[in-house]
Amino acid sequence: MTDQSELNSRAALCRKLAQREPANRIFWIAEAESWSRLSKEKRPGEDGVKIASGILVRLRTQSAKFLAILV
């Protein structure tokens, strides 16, 4: 499972991409906010709301694509 520090790292990455790609700035800022919001949610087992598996798969796929851009 993705931990909070990884979600925060993904948000930071999106903010850096927003600076590097002004044409896509709105998209990257929105993604950063999404990752930040997820990092603040309580984890399953901590009386928090579980993230639907389909959404989690989508987020992981997007994250992999974003990270591939930097490589």
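Below you will find a few notes about this structure. None of the values given here were measured: they were computed from a predicted structure.

Some thoughts on the environment of Phe27
Among the secondary structure elements, Phe27 is positioned in helix H2 (residues 25–40). Given a relative accessible area of 43%, Phe27 falls into the partly exposed group. Sequence-wise, Phe27 and Leu17 are ten residues apart; in three dimensions their C-alpha atoms are separated by 9.7 Å.

Remarks on helix H1 (residues 4–20)
With 17 residues, H1 extends 25 Å from end C-alpha to end C-alpha; this agrees with the ideal 24 Å at 1.5 Å per step. Residues Leu7, Arg10, Ala11, Leu13, Cys14, Leu17 and Ala18 constitute the buried set of H1. Projected down its long axis, H1 shows its buried positions confined to an angular sector of 160°, all on one face. Exposed residues pointing more than 90 degrees away from the buried face of H1 are listed as Lys16, Gln19 and Arg20.

Brief notes about the nonpolar core
Residues Leu7, Ala11, Leu13, Cys14, Leu17, Ala18, Trp28, Ala32, Trp35, Leu38, Leu59 and Phe66 constitute the largest nonpolar core, which totals twelve residues. At the level of secondary structure, the elements contributing two or more residues to this core comprise H1, H2 and helix H3 (53–70). Non-local contacts of Trp28, meaning those with residues more than four positions away in its chain, are made with Cys14, Leu17, Ala18, Glu21, Phe66 and Ile69.

Focus: the packing of H1 against H2
For the pair H1 and H2, the least separation of the axes is 8 Å and the interaxial angle reads 165°. Looking at the two axes, H1 sits roughly antiparallel to H2. In the crossing of H1 with H2, the sense of the turn from one axis to the other is left-handed. Touching Gln4, Leu7, Asn8, Arg10, Ala11, Cys14, Arg15, Leu17 and Ala18 of H1 are Arg25, Trp28, Ile29, Glu31, Ala32, Glu33, Trp35, Ser36, Leu38 and Ser39, all from H2. In terms of residue class, the contact of H1 with H2 is built from ten nonpolar, four polar and five charged.

About the criteria used
Residues numbered from 1 in each chain as written. Predicted model: local features only at pLDDT ≥ 70, side-chain atom pairs only at ≥ 80, totals over all residues. Heavy atoms only, no water. Helix = DSSP H or I, 4+ residues; strand = E, 2+ residues; numbered from the N terminus. Buried < 20%, exposed > 50% of the residue type's maximum accessible area, 1.4 Å probe, protein only. Expected span 1.5 Å × (residues − 1). Arc of directions from axis to C-beta. Core = buried A, V, L, I, M, F, W, Y, C linked by side-chain atoms within 4.5 Å. Contact = heavy atoms within 4.5 Å. Axes fitted to C-alpha atoms, helices over the stretch in contact; angles between N-to-C directions. Parallel < 35°, antiparallel > 145°, perpendicular 65-115°, else oblique. Left-handed = near helix turned anticlockwise from the far one by under 90°. Nonpolar A, V, L, I, M, F, W, Y, C, P; charged D, E, K, R; others polar.

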